[in-house]
Amino acid sequence: QVQLVESGGGLVQSGGSLRLSCAASGFTSDSYAIAWFRQAPGKEREGVLCSSSGDGQTYYSASVKGRFTISRDNTKNTVYLQMNNLKPEDTAVYYCARPSWSTCRHWTYTVNIWGQGTQVTVSS
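Thresholds, definitions, all that
- Residues numbered from 1 in each chain as written.
- Predicted model: local features only at pLDDT ≥ 70, side-chain atom pairs only at ≥ 80, totals over all residues.
- Heavy atoms only, no water.
- Core = buried A, V, L, I, M, F, W, Y, C linked by side-chain atoms within 4.5 Å.
- Buried < 20%, exposed > 50% of the residue type's maximum accessible area, 1.4 Å probe, protein only.
- Helix = DSSP H or I, 4+ residues; strand = E, 2+ residues; numbered from the N terminus.
- Contact = heavy atoms within 4.5 Å.
- Disulfide = S-S within 2.5 Å.
- Pairing = 2+ DSSP bridges.

1. Section: the nonpolar core
Alright, step 1. In this structure, Trp36, Phe68, Leu81, Met83 and Tyr94 are the most contacted members of the largest nonpolar core, which totals 25 residues.
Alright, step 2. Looking at this core, the elements with two or more residues in it are strand E3 (18-25), strand E4 (34-39), strand E5 (46-51), strand E7 (68-73), strand E8 (78-83), strand E9 (92-99) and strand E11 (118-123).
Alright, step 3. Other than its neighbours up to four places away in sequence, Met83 contacts Gly16, Ser17, Leu18, Leu20, Arg67, Phe68, Tyr94 and Val120.
Alright, step 4. Counting residues in hydrophobic clusters, the runner-up holds eight residues, among them Ala33, Ala97, Cys104 and Val111.

Written out as structure tokens, the structure is:
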């Protein structure tokens, strides 16, 4: 079964940090681009960042650049989202996802595998 499972969400104070995990199964995550999205209640889903396998590039939304980073542990088939200097507006359900390509070309439009999401709440 091809699957992504997020974990690591929770409640954190503004300015704090969290690390989310995305455990992949049924495929080798190192061979694919992996992206993170988020959705707050009543708001549209937003692409956060994408980590490319093919070209080694990472693409960030303007709202998180400089605060969020992505990393991979290929021995565990797991991708991590490190979130620093969190703000209340970062509060959302966070999803990891697999675009259709090994690169992040058109990444917000080509996702074919989604995780179930993990809640991140940032208090002011």
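2. With respect to the state of the cysteines
Disulfides are covalent bonds that connect the sulfur atoms of two cysteines.
Alright, step 1. This model, assessed by the stated rule, comprises two disulfides.
Alright, step 2. Disulfide partner of Cys22: Cys96, at an S-S distance of 2.1 Å. Taking the sign of the S-S torsion, about 70° here, the bridge from Cys22 to Cys96 comes out right-handed. Highlighted residues: Cys22 in strand E3 and Cys96 in strand E9, separated in sequence by 74 residues. In this pair, the class of Cys22 matches that of Cys96, namely buried.
Alright, step 3. Between the sulfur atoms of Cys50 and its disulfide partner Cys104 the distance amounts to 2.0 Å. Taking the sign of the S-S torsion, -85° for the link of Cys50 and Cys104, the bridge is left-handed. Linking Cys50 in strand E5 with Cys104 in the loop between E9 and strand E10 (111-114), this pair joins segments that are 54 residues apart in sequence. Each member of the pair, Cys50 together with Cys104, is buried.
Alright, step 4. Along the protein, the cysteines that take part in disulfide bonds pair up as 1-3, 2-4, counted in sequence order.

3. Considering the pairing of E11
Alright, step 1. Burial along E11 is one-sided: the face carrying Thr118, Val120 and Val122 is buried and the face carrying Gln119, Thr121 and Ser123 is not.
Alright, step 2. Relative to E11, strand E2 (residues 10-13) runs parallel, the two sharing four bridges. Its bridge partner lying in E11, Gln13 is registered against Ser123.
Alright, step 3. When E9 meets E11, the two strands line up antiparallel, connected through three bridges. From the neighbouring strand, Ala92 faces E11, where its bridge partner is Val120.

4. Considerations on the pairing of E7
Alright, step 1. Bridge count between E7 and E8: six bridges; the pairing is antiparallel. Bridge pairing in E8 links Asp73 to Thr78.

5. Details of the environment of Tyr32
Alright, step 1. Within the element layout of this structure, Tyr32 appears in the loop between E3 and E4.
Alright, step 2. Spatially, the C-alpha atom of Tyr32 lies 7.6 Å from that of Pro99, the residues being 67 residues apart in sequence.
Alright, step 3. Ignoring anything within four residues of it in the chain, the contact list for Tyr32 reads Phe27, Ser51, Ser53, Arg72, Arg98 and Ser102.

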